[in-house]
Amino acid sequence: MTVIDIPGSKSVTARALFLAAAAEGTTTLLRPLVSDDTEGFAEGLAALGYAVRREPDAWHVEGRPAGPGTDEADVYCRDGATTARFLPTLVAAGHGTYRFDASAQMRRRPLGPLSTALRDLGVDLRHGEKEGHHPLSVHAAGVKGGALTLDAGQSSQYLTALLMLGPLTAEGLDITVTDLVSEPYVEITLAMMRAFGAEVTREGRTYRVAPTGYRARTYGIEPDASTASYFFAAAALQPGRSVTVPGLGAGALQGDLAFVDVLRRMGADVEITDGATTVRSTGTLRGLTVNMRDISDTMPTLAAIAPFADGPVRIEDVANTRVKECDRLDACAENLRRLGITVHTGPDWIEIHPGTPTGPVEIATHGDHRIVMSFAVTALRTPGIAFDDPGCVKKTFPDFHRVFDTFVRTP
C-alpha cells in the first residue's frame, strides 16, 4: 500500500484567506496549498494592504474587518477563479477604488451573476471591457446588506463570495438561490464561516447571514480531495495497487471525496476511516451512469479512466464544466477521440465507450491543470502520451509530475 501526502485544498485555502483577511486579529493557516492560484490570492491581499506573512507550512494574515488597508489598488488575479471572484467581493465592504484584471483564460470565464448581485446590494462595480467579465473596478463604500436573488447554476463560487461577504455588511444578507451547482462547495463555505465566528442559517433555498463579523483563529487546511482523485483513480486502474491519503477521512469538508464512491460503484475497494481514505484495485472497472453535478471537478478524472471499464461510462449533469479553465467536456472528448476511443457528448453529458487508448498522442491541455492530471492517469496504460503544456499544473499542484511519477514507481 502506498501512502501519498496530498497538498492542501485549493478551495479551503482560498476561503481561509478571505476569512482571515476579514477577521478581527491575526489568523494562522496551517499547511496551506502553495500554488499559482493561492499565491496569486495572497499577493492580491498584499496589494490591497493586508499583511500576509508566509512561512513554509504556515501563513499568517492580519485581518482588517473595516476593509483593505489602502484606498486604491490594482490587483492581477492571474488564472484564479477564486481570486477573481472573491477579492472584488471582499473589497466591496471597504472604502476605496480597486481595479481588477486577470489572465486571458480567466477573462473568458463568467462573472455576470455575481456582478449583478453586488450591484443589487448597491456596490458600484463596473466592467472595463466585456460585461460580466474581467477587467472590472469596484468603487467601494461599504455594503448595507438586505435581500437578493442569485442564480448560481454556473458556479457555486458566486454564492460562496456573497455568503462570506454577509458578516461584513451592516445589516446582514438574505440570499435566495434560484439554481445551484456544486452544492458541497457551499457546505465547505458554511462550515468555515462558522469556524471563524459567523452565524449563517439555511431555510429552503434562502441563506441568512447575520452581520457578526469574523474572529481570527488558527486553522488547518485539509488535503485537496480533487487532487487526490488522480491517485485514487490510478490505484483503481492498476491491478494489485492501492493508495491511502491521510487527512481525508469521514469528517472531510470537501464533497469531491465522493469521487471514491464512484470508484466503489465501478468495482474498486474503498475504505474511509476517521483519518484517511484508501482505494484498492480489484482488477475490475465496471461501466456506469453517474450524475456528477456536485463533484464536477472530478469529471475529467473519471473520463480519463472510462475507456478501461467493461461497459460505457456516461457522466451527466455537468454543464458547468464547459465554463471552467476550458470547455472540459469538449476537451475530454477531443483527447479521447484522438486516442481512438468512441465518445458522444451533449449539452451537459459525455458518454465514453470501452476501448484501448493508443498513442503516441499529444494531449491538448488548453492550459487546464485538470486535463493534464487526468490524462496522466490514462498514460499509466497508454504508452506515448505527452502534453502540449505539462507545466499548467502549477495552478494547483506545481510538483504533480514528480509526485505522480514517484507514486507510479512505488510498488
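The rules behind each value
- Residues numbered from 1 in each chain as written.
- Predicted model: local features only at pLDDT ≥ 70, side-chain atom pairs only at ≥ 80, totals over all residues.
- Heavy atoms only, no water.
- Helix = DSSP H or I, 4+ residues; strand = E, 2+ residues; numbered from the N terminus.
- Contact = heavy atoms within 4.5 Å.
- Polar contact = N/O pair within 3.5 Å; in protein donor to acceptor, adjacent residues only side chain to side chain.
- Pairing = 2+ DSSP bridges.
- Axes fitted to C-alpha atoms, helices over the stretch in contact; angles between N-to-C directions.
- Buried < 20%, exposed > 50% of the residue type's maximum accessible area, 1.4 Å probe, protein only.
- Arc of directions from axis to C-beta.
- Phe/Tyr/Trp six-rings, centres within 6.5 Å; stacked < 30°, edge-to-face > 60°.
- Lys NZ or Arg CZ within 6 Å of the ring centre and 35° of its normal.
- Salt bridge = Lys/Arg side-chain N within 4 Å of Asp/Glu carboxyl O.

A. A look at the environment of Thr13. Tracing the sequence through the fold places Thr13 in helix α1 (residues 10-22). Residues Thr13 and Phe41, spaced 28 residues apart in sequence, show a C-alpha to C-alpha distance of 9.5 Å. In this structure, Thr13 is in contact with Pro32, Leu33, Thr38 and Ile221, ignoring residues within four places of it in sequence. Within the structure, Thr13 has its side chain in polar contact with the backbone nitrogen of Leu33 (distance 3.2 Å).

B. Layout of the sheet that holds strand β6 (residues 72-76). Spatially, β6-β7-β9-β8 is the arrangement adopted by the four strands of the open sheet, whose pairing is mixed. Unpaired on one side and paired on the other, β6 and β8 (124-127) mark the two borders of the sheet. Each neighbouring strand pair of the sheet contributes to a mean axis angle of 15°, computed without reference to strand direction. In this structure, β8 lies alongside strand β9 (residues 136-141), joined through four bridges in antiparallel fashion. Looking at the pairing, His127 lines up with Leu136 of β9.

C. View of helix α13 (residues 400-409). Regarding α13, the residues found buried are Phe400, Val403, Phe404 and Phe407. Viewed end-on, α13 has its buried residues packed into an arc of 95°, placing them on one side of the element. Exposed side of α13, more than 90 degrees from the buried face: Arg402 and Arg409 are the residues found there. The inward-facing, buried residues of α13 abut β1 (2-3), α8 (225-237), β16 (242-246) and α12 (369-378).

D. Structural context of the packing of aromatic side chains. In total, this model carries ten aromatic pairs according to the counting rule given. Taking 6.4 Å as the distance between ring centres and 90° as the angle between the ring planes, the aromatic pair formed by Phe18 and Phe86 counts as edge-to-face. With a gap of 68 residues between them, Phe18 in helix α1 and Phe86 in helix α3 (residues 81-91) connect regions that are remote in the sequence. Arranged with centres 5.6 Å apart and planes meeting at 35°, the rings of Phe196 and Tyr219 form a pair that is tilted. Of the two residues, Phe196 is situated in the loop between α7 (183-195) and β12 (200-203) and Tyr219 in strand β15 (residues 218-220); the sequence distance between them amounts to 23 residues. With relative accessibility at 0%, the residue Phe196 sits in the buried group. Under the relative-accessibility criterion, Tyr219 is labelled buried at 8%. One aromatic cluster in this structure is built from Tyr230, Phe231, Phe397, Phe400, Phe404 and Phe407. One cation-aromatic arrangement involves Arg54 over Trp59; the distance from NZ or CZ to the ring centre is 5.5 Å.

E. Broad picture of the pattern of salt bridges. Considering all chains together, one arrives at 32 salt bridges under this definition. The closest approach of N and O atoms between Glu316 and Arg314, which form a salt bridge, is 2.7 Å. When its relative accessible area of 28% is taken as the criterion, Glu316 is described as partly exposed. One network of salt bridges, with partners in common, ties together Lys10, Asp37, Arg109, Asp297, Lys324, Glu325, Arg328, Asp368 and Lys395.

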